Amino acid sequence: MTTCVRPCACRPVLGQDIQPRYSTLPMSDQITDRRAKLKKIIDLDVDPFGERYPGVTANADIRTAAETLKIEAGQILEGDKAVFKAAGRIVLHRDIGSLIFMTVRDWTGDLQFGLSKKMVKEHWKVAKLLDLGDIVGVEGRLGRTKTGELTLWATDFRLLSKALRPPPEKWHGLADIEIRYRKRHVDLYSNPASLRVFVQRARIIDYTRDVLRRRGFIEVETPVLQPIYGGAAARPFLTHHNTLDRDLYLRISPELYLKRCLVGGLERVYEMARCFRNEGISPRHNPEFTMLELYQAYGDYHDMMEITEEIIGGAARDVIGATKIKIGEHEIDYTLPWPRRKYADLFAEYVGFPWDDVAQVRARARELKIEEPKLDDAVVVNALFEHYVEPHLINPTFVLDYPAPLCPLTKRDPNDPDVALRFEIFINRMELGNAYSELNDPDQQRETLSRQLRGEEEETMAVMDEDFVAALECGMPPAGGLGIGIDRLVMLLTRSPSIRDVLLFPLQRAEQRNGKDEPREGEAPAEPGGRSSR
RNA sequence: GAGGGCGUAGCUCAGUCGGCAGAGCAACGGCCUUUUAAGCCGUGGGUCCAGGGUUCGAGUCCCUGCGCCCUCACCA
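Residues numbered from 1 in each chain as written. Chains lettered and ligands numbered in written order. Predicted model: local features only at pLDDT ≥ 70, side-chain atom pairs only at ≥ 80, totals over all residues. Heavy atoms only, no water.

Asker: How should I be thinking about the pattern of salt bridges in this particular structure?
Answerer: If charged atoms from side chains of opposite charge come close, those side chains can pair. Taken as a whole and assessed by the stated rule, the structure comprises 33 salt bridges. Note that Asp43 is salt-bridged to Lys39, the shortest N-O span being 3.1 Å. In this pair, Asp43 and Lys39 are both assigned in helix α2 (residues 29-43), 4 residues apart and thus about one turn of the helix distant. Given a relative accessible area of 52%, Asp43 falls into the exposed group. Owing to a relative accessible area of 25%, Lys39 belongs among the partly exposed residues under this scheme. Across the pair Arg158 and Asp156 runs a salt bridge, and its minimum N-O distance is 3.3 Å. Assessed through its relative accessible area of 39%, Arg158 is described here as partly exposed. Judged by its relative accessible area of 17%, Asp156 falls in the buried class. Each of Lys37, Asp131, Asp134 and Lys162 takes part in salt bridges that share partners, so that together they form one network. (Salt bridge = Lys/Arg side-chain N within 4 Å of Asp/Glu carboxyl O. Helix = DSSP H or I, 4+ residues; strand = E, 2+ residues; numbered from the N terminus. Buried < 20%, exposed > 50% of the residue type's maximum accessible area, 1.4 Å probe, protein only.)

Asker: In this structure, what is going on with the pairing of strand β1 (residues 83-95)? I would like to understand it.
Answerer: Successive side chains on a regular strand alternate, one facing one side of the sheet and the next facing the other. Where β1 meets strand β4 (residues 135-144), 7 bridges bridge the pair, whose relative direction is antiparallel. Pairing of Ala86 across the sheet is with Val138, part of β4. Where β1 folds back onto strand β2 (residues 99-106) in an antiparallel hairpin, the turn is made up of 3 residues, including Gly97, whose phi is positive at roughly 75°. (Pairing = 2+ DSSP bridges.)

Asker: When you look at the sheet that holds strand β9 (residues 246-250) in this model, what are you seeing that I'm missing?
Answerer: To summarise the sheet geometry, strands pair through backbone hydrogen bonds and adopt either a parallel or an antiparallel arrangement. With respect to topology, 3 strands assemble into an open sheet ordered β7-β9-β8, the strand pairing being antiparallel. Each edge of the open sheet carries a strand with a single partner, namely β7 (225-226) and β8 (237-241). For β8 and β9, the ladder comprises 5 bridges, and the chain directions are antiparallel. Note that in β9 the partner of His241 across the bridge is Arg246.

Asker: What am I meant to see in empty space enclosed by the protein here?
Answerer: Remark: the empty space left among the atoms is shown by a probe the size of a water molecule rolled over them. Summed over all chains, the structure comprises 1 cavity of 30 Å³ or more. Approximately 40 Å³ is the volume found for the largest cavity. In terms of lining residues, the largest cavity is bounded by Gln226, Ile228, Tyr229, Gly230, Gly231, Ser253, Pro254, Glu255, Leu256, Tyr257, Arg260 and Asp465. In terms of residue class, the lining of the largest cavity is made up of 5 nonpolar, 4 polar and 3 charged. (1 Å grid on protein atoms, 1.4 Å probe; cavity = no way out; pocket = protein on both sides within 12 Å on 5 of 7 lines; lining within 4 Å. Points joined across faces, edges and corners; volume = space filled by probe spheres on them. Nonpolar A, V, L, I, M, F, W, Y, C, P; charged D, E, K, R; others polar.)

Asker: Teacher, can you tell me more about the pairing of strand β3 (residues 109-116) here?
Answerer: For β3, a buried count of 6 out of 8 residues is recorded, marking the element as mostly surrounded by other parts of the structure. As judged from the 8 bridges shared by β2 and β3, these two strands associate in the antiparallel manner. Residue pairing for β3: Arg105 is matched across the bridge by Asp110. Here β2 hands over to β3 after 2 residues, the two strands then running antiparallel side by side.

Asker: How should I be thinking about the packing of helix α12 (residues 358-367) against helix α13 (residues 377-388) in this particular structure?
Answerer: Axis angle and axis distance: for two packed helices, these are the angle between their axes and the distance between the axes, and together they describe the pair. Taken N-terminus to C-terminus, the directions of α12 and α13 make an angle of 60°; their axes are 10 Å apart at the nearest point. As the angle between them shows, α12 and α13 are arranged oblique. Like other packed secondary-structure pairs, α12 and α13 cross with a definite hand, here left-handed. Counted together, Val358, Val361, Arg362, Arg364 and Ala365 of α12 and Asp377, Val380, Val381, Leu384 and Tyr388 of α13 form the full contact between these two elements. Residue composition of the contact of α12 with α13, grouped by class: 7 nonpolar, no polar and 3 charged. (Axes fitted to C-alpha atoms, helices over the stretch in contact; angles between N-to-C directions. Parallel < 35°, antiparallel > 145°, perpendicular 65-115°, else oblique. Left-handed = near helix turned anticlockwise from the far one by under 90°. Contact = heavy atoms within 4.5 Å.)

Asker: Please explain the protein's contact with RNA strand B as it appears in this structure.
Answerer: In the vicinity of RNA strand B lie 54 residues, with Asp33, Arg94, Thr145, Thr147 and His285 positioned nearest. Across the atoms of RNA strand B situated within 4 Å of the protein, the share located in sugar and phosphate is 59%. One of the side-chain N or O atoms of Ser98 is found 3.3 Å from a phosphate oxygen in RNA strand B. Mapped onto the surface near RNA strand B, the elements with two or more residues apiece are α2, β1, β2 and α6 (177-182). Residue composition of the surface near RNA strand B, grouped by class: 16 nonpolar, 17 polar and 21 charged. (Near = heavy atom within 4 Å. Polar contact = N/O pair within 3.5 Å; in protein donor to acceptor, adjacent residues only side chain to side chain.)

In structure tokens form, the structure reads like this:
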């Protein structure tokens, strides 16, 4: 049992010990100062960590209300309509003797609170002990200062939480990218733009669910722990269940389970699926990420194109409120409908010859120093496609009808067995979604899962899942299926250059604690204070 | 995994040719009833990411390690 890390029943301890005995962290001078203030506050018989504070109006709503109230500069309004209760974190603080102005931020925006010695009376002593970063609540009257700034003049004020650590620099916020990812809580409260990204992320996901609900889909949850991984070509994470004494994989895709749902008669299903791939990390790749997958019985990949447009184009229009959104150097035009281009046509257009001209494909690959002899034809073709075509796919573009060997889970074109009825949606050169007319022929499925492409590493190769094929043998309706990378979608719509900017807590390497960071739990605390040294 | 860049006060950043470790914000003490990144006077604060080397002398040059970012590869 570790010592108590929260002031709860042991709160009086805080009043006695300025150096709290539970902390293993080095105490900077600023933290020492704040703890000294904490003690003073407790000595004033005030709870520095507040309590329920009901009836708060959001800062943005107070601003809206103020527009209809017509407040003159220098005026403090009389009457019930001017009384508001608000709360938030102090982000700017101006102490002018017996008057304090503070800019207080909640998740809707900022509002100036005004505290005067005369108005807050017995609370004044606590008010003088406030620091940047503290969370406060105020009940008061709306007014404007003589410079016209909307101000909530406190008649009552409460300290709702003392901040024992100082916030980052008030103007620049937290800029160090590494610390923004490692200490996201600090990033969120000091960088409003970061907070907004995650609010918008939630709205985009809500919007997606609304679209699917309107279309009659139900949300299901399928296993993350899977005895056999499948549904994509990727290296999995391996874990182990002790009681069953059995190795399990973290899913790389929910596909094979969602298709079992189709077999069972759940005709329209989707999942916001956290997936895990044991691959490299990049601005577009995180080991865990969120993929929307959905399956619609009796549909095909054309239905999936409609849904893709409705989700992505709709979210741009209705959540972001724009049909054109700039990211990096490009302005993406989300105006619907989006062009449908055949893979074969794009290949011929940008590479210069047909994709099924094996001799030319091999020759070009050799020029690019692709190690083509080891690879299957289709893999080489796709390498050329990625090299020559994908850089041109800036505005949303559906790429249709892929070489069949690349698509083991996709129905073949009845008129051309070399082609699979699959599309990928590209935006800003990035693959955002992937959809099939789903293969529902169990014999063909068994065959495509058995066949391995040269050029794939052993771990990423499709794995035969007999249980899944047996499910297909029970009869799966013809269906359209779609996967959309939610993180990538959020990146595009929020203009975020890295997937880490849209994940609250992206995976980071373990810290070795050289330098700027703090010792971990259980390690010896550094010498407190530091003032005496040197 | 390969290549390139970065790491200095709590935060944002300077630091010239190798010659006393700097600024702003934040903090601390003082003044101030209308501030807007408040202002003014004063004060404290550094493992220059870590370890080694070169040198009379290293934040600076060299080597090794760690972390982050970018590009590439794998992948979505």
